[in-house]
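Examining the three-dimensional arrangement
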Amino acid sequence: MDKLETLEEPVRKLEQKSNDDQEVNIKDLEFFLTKNTDHIETPEEIQETIEFLQEQDVVSVEREEITHIDKEKFKEIAGLNRKTKPLMEESFPLKAYQGFDKTEIAQEYADWLIEECNIRPVWVGGTTLFYRFKRQTNTWEELEKDLIIKKAKKDLKRQWTSHMKRELMNQIEHHHKFIEFDDMGLAEEEILLKDGKILNLETDNTREVKPEDYALNCLNTSYNPEAESNGIEKFIEETIDKEEMIKALQEYLGYTLTWPSDSYEKILLILGGTDTGKSTLIEVIEELYGESTITKLSFPQIGADRAFNVSKLKDSVLNIDTDMEDKDIQRKSRVKKIISKEELFVEDKGEDGYSMTSYANHLVTSNNAPDDENATDAYYNRFITLTATTRIPEEEKDRQLADKLKEEENLQWLLNWAIEGLERLKKQNTFSWNLSEYETKKHWDRFGNSIQKFISDQIVKDREEGKHVKTVDAYEIYQKWVDNQLEDEVSRTKFISQASSHPDMMKAKTYSYDGDRAMCFKDIKVKDYEL
C-alpha cells in the first residue's frame with residue numbers, strides 16, 4: 001500500500017481542521033481514515049497508519065490528542081506538491097456511505113467533487129460550466145460536463161440512475177461554492193508566472209498565488225528584472241522592418257498582459273514572405289505565453305456557420321492565426337464582435353448555448369494581406385499592420401535559432417520588454433505605429449493579390465498630372481506587368497471589378513487621354529509602362 005497516496009484525502013481534511021484552530025484527536029484521524037480510503041478499514045490498519053504518521057513526524061500524539069501537525073510534511077503527504085491527477089483517477093470512498101439514500105449520496109458526492117477534486121460550478125451568461133484547479137500551472141481550466149457524468153457513473157456504480165444524475169447535477173449547480181465567471185481571473189494589473197508568483201505590473205511586487213485567486217492563465221516564464229537578451233532583441237530588430245513597428249509590437253505584447261482589458265480593439269497583423277523570420281518570432285511569443293494563455297483559432301474558424309470552438313476564447317489572452325484568410329468567413333458579424341470585445345452567443349457541440357465576452361487579443365501572420373473587397377474604413381482601423389520583408393538566405397539559416405531564443409533568460413527579457421512597451425503605451429495612449437485607414441490599405445496592396453500588387457507597384461494617383469486611362473488599356477498594362485513579375489493573371493472582368501474598388505482607381509465614363517469617350521480610371525500615372 002502506498003501510504004502517501006492513500007492518506008492524501010484524510011490528511012488534507014485534517015490539515016484544514018487544524019488550520020481552523022479546531023482540536024484534532026485520534027478519533028478524528030480514525031474517522032477520516034476509514035471514511036476516505038479503500039485500503040484502511042480494520043483496527044490494525046488504522047493503528048499501523050497512525051504509527052506511520054508518528055514515525056514520519058507528521059503528527060505528535062499525547063493522551064489521545066494530536067498535539068502537533070507538521071504543515072510542510074502535511075503538504076507532501078496530502079499531495080499538494082504533486083501534479084493534479086486526471087479526474088478519472090481520483091478515488092471516491094463509496095463504501096463509507098452504505099445505508100445513505102440517493103439524495104444523500106448525491107450531496108456527499110457533489111461535496112467530494114468540489115472539495116477534494118477542486119471543481120467549481122461557474123455561472124456564465126445563462127448556463128453553468130465547470131472548472132477545475134490545475135496544480136501544475138496554478139490555473140483553473142474548464143472541465144467538460146460529460147467527463148463529470150462519466151466519472152460519477154464509474155464511481156457510484158449501481159447507485160447511478162437517471163434520477164441520481166439529475167440530483168447530482170442539481171447539487172453541484174446549486175453548491176455554496178458556486179461562483180460567477182466575472183469573478184474569475186486576476187485583475188488587469190496582475191499576471192501569473194510559472195513559478196507560482198503573481199506580478200503586479202504597476203508596482204513590480206510579487207506574491208504567491210492561491211487557488212482562491214481563480215487565475216485562468218499563466219505565462220511560461222518567471223520575473224527577473226535584470227534579465228539580459230541573448231539574441232532575442234537583435235532578432236526582433238532584424239525581423240521587423242521599422243523602428244516604429246518594433247515599438248508597436250512591444251506595446252501590443254505589453255497590452256495583452258492587461259487581460260481582460262478592453263481599452264483597445266486592435267489586431268496585430270505581421271505581413272511578410274517566407275523565410276523572413278516571422279514564424280520564428282511567433283514560436284517565441286507562443287513559448288512566452290504558454291498553453292494555458294493562448295488559443296489558435298483562425299478567423300474562418302471563428303466565423304464559421306457552426307463555430308463550436310469560439311467558446312475557448314473566453315479564457316484566452318492571445319489568439320494566434322498564422323495564415324489569415326477571410327474569404328471563407330461565413331459570419332463576419334461574429335468576427336467583428338470578437339474583435340470589438342462585445343458579448344456574443346456561443347454553442348458547444350451537444351451543449352446548451354450561452355452568452356460570453358472574449359477579451360482575447362489577436363496576433364496574425366500571413367504571406368498575403370487579407371481579402372479586403374468591400375472593406376470599410378472601420379475594418380482597416382482594426383489592424384496594426386507590421387511588415388517583415390528581409391529574407392534570410394538559405395546558407396545563413398540557423399536551424400536551432402528558435403530553441404536558442406526560447407531559453408529562459410530570453411523569455412524573462414521578453415516579459416520585461418513587453419512591460420516597458422505597456423508603460424509607453426499608457427503614456428502615449430496610442431500605438432507608436434498607427435497608420436490611417438488609407439495608409440493601411442496601401443500597405444496591404446504590397447502583399448495582396450496580383451491586382452493589388454500591380455496597383456501598389458505601378459499606379460500613382462495624381463489629380464494634377466494624371467491621365468484618364470481606359471480600363472481596357474489598364475488591363476493590357478496589367479497583363480504585361482503580370483508576365484514580368486510571374487504573378488497569377490485574372491480575367492479582364494475581374495481586374496476591372498476589383499481595381500474599381502481601390503481608392504486610387506476611380507472609374508467613370510469620360511474622355512480618355514487620347515480623346516475617346518470610354519470607361520476610364522481617372523487621374524492616374526503608370527510608372528514603368530507606356531500608355
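The rules behind each value
- Residues numbered from 1 in each chain as written.
- Predicted model: local features only at pLDDT ≥ 70, side-chain atom pairs only at ≥ 80, totals over all residues.
- Heavy atoms only, no water.
- Helix = DSSP H or I, 4+ residues; strand = E, 2+ residues; numbered from the N terminus.
- Contact = heavy atoms within 4.5 Å.
- pLDDT = per-residue confidence, 0-100.
- Phe/Tyr/Trp six-rings, centres within 6.5 Å; stacked < 30°, edge-to-face > 60°.
- Buried < 20%, exposed > 50% of the residue type's maximum accessible area, 1.4 Å probe, protein only.
- Lys NZ or Arg CZ within 6 Å of the ring centre and 35° of its normal.
- Pairing = 2+ DSSP bridges.
- Axes fitted to C-alpha atoms, helices over the stretch in contact; angles between N-to-C directions.
- Expected span 1.5 Å × (residues − 1).
- Parallel < 35°, antiparallel > 145°, perpendicular 65-115°, else oblique.
- Left-handed = near helix turned anticlockwise from the far one by under 90°.
- Core = buried A, V, L, I, M, F, W, Y, C linked by side-chain atoms within 4.5 Å.

1. Regarding the environment of E173
- Mapped onto the secondary structure, E173 falls in helix α8 (residues 162-173).
- Sequence-wise, E173 and L129 are 44 residues apart; in three dimensions their C-alpha atoms are separated by 8.8 Å.
- Aside from chain neighbours lying at most four places away, what touches E173 is P121, T128, F130, K145 and F178.

2. Side note on the confidence of the model for the protein
- On average, residues of the protein score 84 in pLDDT, and 83% of them reach the 70 mark or higher.
- Low pLDDT (under 50) marks residues 1-6, which in the prediction has 13 contacts with non-local residues, meaning those over four places away or in another chain.
- A low-confidence stretch, residues 77-82 stays under pLDDT 50, and its non-local contacts, those more than four residues away or across chains, total 22 contacts.

3. Overview of the packing of aromatic side chains
- Within the structure shown, the criterion is met by 24 aromatic pairs.
- Aromatic pair Y252 and F431: ring centres 6.1 Å apart, planes at 40°, arrangement tilted. Placement of Y252 in helix α10 (residues 243-256) and of F431 in the loop between α16 (408-428) and α17 (437-445) is noted, with a sequence separation of 179 residues between them. Here Y252 and F431 have matching classes, each one buried.
- The lysine or arginine in question, R517, covers the ring of Y511, its NZ or CZ lying 5.5 Å from the ring centre.

4. Here we look at the sheet that holds strand β5 (residues 139-143)
- In spatial order, the strands read β5-β4-β3-β6; together these four strands make up an open sheet with mixed pairing. Here the strands that pair on one side only, and so sit at the sheet edges, are β5 and β6 (179-180).
- Pairing analysis gives two bridges linking strand β3 (residues 119-124) to β6, with the strands arranged parallel. Pairing of V122 across the sheet is with I179, part of β6.
- Sitting on the sheet, helix α7 (residues 145-156) touches β3, β4 (127-134) and β5, and the angle it makes with β5 is about 80°.

5. Concerning α8
- The end-to-end C-alpha separation of α8 is 17 Å, in line with the 16 Å expected for 12 residues at 1.5 Å each.
- Buried residues of α8: M164, E167, L168, M169, Q171 and I172, and no others.
- In this fold, the buried residues of α8 make contact with α6 (102-115), β3, β4 and α7.

6. Structural notes on the packing of helix α9 (residues 232-239) against helix α11 (residues 278-289)
- Two numbers describe how α9 lies on α11: the axes approach to 10 Å, and their chain directions differ by 140°. With respect to each other, α9 and α11 are oriented oblique. Both α9 and α11 take part in a crossing whose hand is left-handed. Only K278, T280, L281 and V284 of α11 make contact with α9, whose side of the interface consists of I232, F235, I236 and T239.

7. Some remarks on the nonpolar core
- Counting residues in hydrophobic clusters, the biggest one holds 82 residues, and the most contacted among them are M184, I236, L249, L257, Y289 and L386.
- The element contributing the most residues to this core is α16, with nine residues.
- Those residues in contact with M184 that lie beyond four places of it in its chain are V122, Y131, W140, I179, Y214 and L216.
- Membership of the second largest hydrophobic core comes to 24 residues, among which are L87, F130, A152 and W160.

8. Here we look at the sheet that holds strand β11 (residues 294-295)
- Spatial strand order, β11-β12-β15-β10-β16: five strands in an open sheet with parallel pairing. Where the open sheet ends on each side, the last strands, each with one partner, are β11 and β16 (383-387).
- Its contacts with the sheet put α17 on β10 (267-271) and β16, and the angle it makes with β16 is roughly 40°.

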